[in-house]
Amino acid sequence: MLTRLFKDFKNGLWRENPIIVLVIGMCPTLAVTNTVENGLAMGIATSFVLLSSEIVISLFKNYIPNNVRIPSFILIIATFVTFTDYFLKAFFPDIAASLSLFIPLIVVNCLILGRQEAFASKNPTHRAIADALGMGIGFTWVLVVLSAMREFFGMGSIFGIEILGSWYQPMVIMILPAGAFISLGILVGIMNAIKRRGN
Amino acid sequence: MDTKISKLVLTLTVIGIISAVALSFVYQWTNPHIQQHQAEARQRAIRAVIPEAEEFEEVEKKGNTFYEGFDSGGNRVGVAMIASGPGYQNVIEIMIGVNINEEKIYGIKILSHEETPGLGARITGEEYKSNFVDKPFGDYTVVKRDTQTDLEVEAIAGATISSRSVTKIVENAVKQIQDAYGGGA
């Protein structure tokens, strides 16, 4: 049983990674990865919403009629997203200000609804927790790598700490939306190359 | 079929009620903190745009909220207000502080904006904001070279639209303040 739980957990990290393999949840992936701080905060916020809603939905799945499962899931997800929004605004106002409307937009992140539909509504709670942790960490690490690439080339810094000196001419395109597509493309390409070699 | 529909309605209603109750507790818990952060940010902004003021007072005039700043002797040294207008991507909100007696702007502070990072976002930088420090009231021209008169504003390279937007907001705010405080009085 432990090996199965571990398999559920590992699934999201690599084999079915939400961003680079399933390519879902693209809106926050492209929009907020211009600095590592933003990327990490978005990853953690999304993981929290994913974990809490997978727990609640897997607990109450037998009481939710099939016809209204999607609106029910959205209601539950929206509750946790609103909670996260208030919480960040109250205790991390700087992060809340820089992520602004992308926090409420977690509601429509298809990663979260997708996992409820594909996993939490069909599996027991302990497996849903493993799945949510794996998917959440899988989502977060890709956001962090992506935002590190963009912040490094676009501003010459990581986590707001200057790495490259003043001689470096920042590639502004990397922190603009176009830079998100370019870095994501490169990242997916690298992952596919690694996978192919593995086979 | 009827019983089924009632069950669907009941399910969604129950979830909705539970969510609403839970969130109202969260709101009560977090809202004082949120209010406090906003008030602090506003205080800091007013302090930044009326440097000589020690005490502040909120005043409603002609449908706008103004913040009057008083020095330690109780004299009104300046008036600040929050002004906003369209930027390049979204609304830009600024705090502006003026000296009414001398008809000049003390300075501005950008409260919120969504301008392009690295380009338009430089409206928050000292270099651009210094355009409005100790500036006389009037109609400003945005120029793409060094400023030659007091009524010129030097644009940020590559972000002329953002530079113009802020200038426009400043002009309108000055007019509103003059309107409310009756010219030089």
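See the structure above.
This is a predicted model, so every value here is computed, not measured.

1. Quick notes on the overall build of chain A
Inference 1: Scanning chain A from N- to C-terminus turns up eight helices and two strands.
Inference 2: Along chain A, helices (α) and strands (β) appear in the sequence α-α-α-α-α-α-α-β-β-α when read from the amino end.
Inference 3: The C-alpha radius of gyration of chain A comes to 18 Å, within 12% of the 16 Å expected for a compact globule of 199 residues.
Inference 4: Dimensions along the principal axes, computed over C-alpha positions, put chain A at roughly 60 × 45 × 25 Å.

2. Concerning the overall build of chain B
Inference 1: For chain B, the helix and strand inventory stands at three helices and eight strands.
Inference 2: Counted from the first residue to the last, chain B has its helices and strands arranged as α-β-β-β-β-β-α-β-β-β-α.
Inference 3: For 185 residues, the compact-globule estimate of 2.2 N^0.38 gives 16 Å, and chain B exceeds it by more than 25% at 22 Å.
Inference 4: Structurally, chain B occupies a C-alpha span of about 80 × 45 × 25 Å along its principal axes.
Inference 5: Taken over 185 residues, chain B has a buried fraction of 31%.
Inference 6: Residue pairs at least 24 apart in sequence account for 49% of intrachain contacts in chain B once pairs closer than 6 positions are excluded.

3. With respect to the interface of chain B and chain A
Inference 1: On the side of chain A, 22 residues touch chain B, which itself brings 19 residues to the contact.
Inference 2: For the side of chain B that touches chain A, a count of residues per class yields ten nonpolar, eight polar and one charged.

4. Considering the nonpolar core
Inference 1: Counting 38 residues, the largest nonpolar core has A:A45, A:V49 and A:I77 as the members making the most contacts within it.
Inference 2: At the level of secondary structure, the elements contributing two or more residues to this core comprise α3 (36-60), α4 (69-91), α5 (93-99), α6 (110-120), α7 (125-155) and α8 (177-198) of chain A.
Inference 3: Considering each element in turn, this core owes the most residues, nine residues, to α4(A).
Inference 4: Not counting chain neighbours up to four residues away, the residues in contact with A:V49 comprise A:I77, A:F80, A:V81, A:T84, A:I106 and A:I112.
Inference 5: In terms of nonpolar packing, the next biggest core, distinct from the first, is built from 35 residues, B:I108, B:I110, B:F132 and B:V170 among them.

5. Thoughts on the packing of α4(A) against α6(A)
Residues and elements named next belong to chain A.
Inference 1: Taken N-terminus to C-terminus, the directions of α4 and α6 make an angle of 130°; their axes are 11 Å apart at the nearest point. Relative to α6, α4 is oriented oblique. Pair α4 / α6 crosses with right-handed handedness. Where α4 abuts α6, its residues F73, I74 and I77 lie against I112, L113 and Q116.
Inference 2: When grouped by side-chain class, the residues that make up the contact of α4 with α6 number five nonpolar, one polar and no charged.

6. Examining the environment of B:D179
Residues and elements named next belong to chain B.
Inference 1: Inspection of the secondary structure assignment puts D179 in helix α3 (residues 160-180).
Inference 2: On the neighbour-count criterion, D179 (12 C-beta atoms within 10 Å) is exposed.
Inference 3: Each C-alpha atom of the pair D179 and K61 lies 9.6 Å from the other, and the pair is 118 residues apart in sequence.

7. Things to note about the sheet that holds strand β2 (residues 64-70) of chain B
Residues and elements named next belong to chain B.
Inference 1: Overall, antiparallel pairing links the six strands, which are arranged β1-β2-β3-β4-β5-β6 in an open sheet. With partners counted over all chains shown, the strands left at the sheet margins are β1 (55-61) and β6 (135-136), one partner each.
Inference 2: Here β2 runs beside strand β3 (residues 76-86); their pairing, made up of five bridges, is antiparallel. Looking across to β3, one finds that E68 is bridged to V79.

8. Remarks on the environment of B:Q43
Inference 1: When you line up the elements, B:Q43 lands in helix α1 (residues 2-49).
Inference 2: When the C-alpha atoms of B:Q43 and B:Y67 are compared, they prove to be 9.8 Å apart, with 24 residues separating the residues in sequence.

9. Thoughts on unusual backbone geometry
Residues and elements named next belong to chain B.
Inference 1: Positive phi, close to 50°, is recorded for E103, a residue that is not glycine.
Inference 2: Locating E103 in the fold gives a position in the loop between β4 (91-99) and β5 (104-112).
Inference 3: With a phi close to 60°, D134 is a non-glycine residue in the positive phi region.

10. Details of the environment of B:E103
Inference 1: Residue class for B:E103 comes out partly exposed when judged on the 15 C-beta atoms lying within 10 Å of it.
Inference 2: Here the alpha-carbon distance between B:E103 and B:K135, two residues 32 residues apart in the chain, equals 8.6 Å.

11. Comments concerning the pairing of β2(B)
Residues and elements named next belong to chain B.
Inference 1: In terms of strand pairing, β1 meets β2 through seven bridges, oriented antiparallel. By the bridge assignment for β2, E60 is matched with T65.
Inference 2: Linking β1 back to β2 in an antiparallel pair, the connection comprises two residues, with K62 at a positive phi of about 50°.
Inference 3: The antiparallel hairpin formed by β2 and β3 contains five residues in its connecting segment, where G74 sits at a positive phi of about 85°.

About the criteria used
Residues numbered from 1 in each chain as written. Chains lettered and ligands numbered in written order. Predicted model: local features only at pLDDT ≥ 70, side-chain atom pairs only at ≥ 80, totals over all residues. Helix = DSSP H or I, 4+ residues; strand = E, 2+ residues; numbered from the N terminus. Rg over C-alpha atoms; globule rule 2.2 N^0.38 Å. Buried ≥ 20, exposed ≤ 12 C-beta atoms within 10 Å, placed from the backbone. Contact = placed C-beta atoms within 7 Å. Nonpolar A, V, L, I, M, F, W, Y, C, P; charged D, E, K, R; others polar. Core = buried A, V, L, I, M, F, W, Y, C linked by C-beta atoms within 7 Å. Axes fitted to C-alpha atoms, helices over the stretch in contact; angles between N-to-C directions. Parallel < 35°, antiparallel > 145°, perpendicular 65-115°, else oblique. Left-handed = near helix turned anticlockwise from the far one by under 90°. Pairing = 2+ DSSP bridges.

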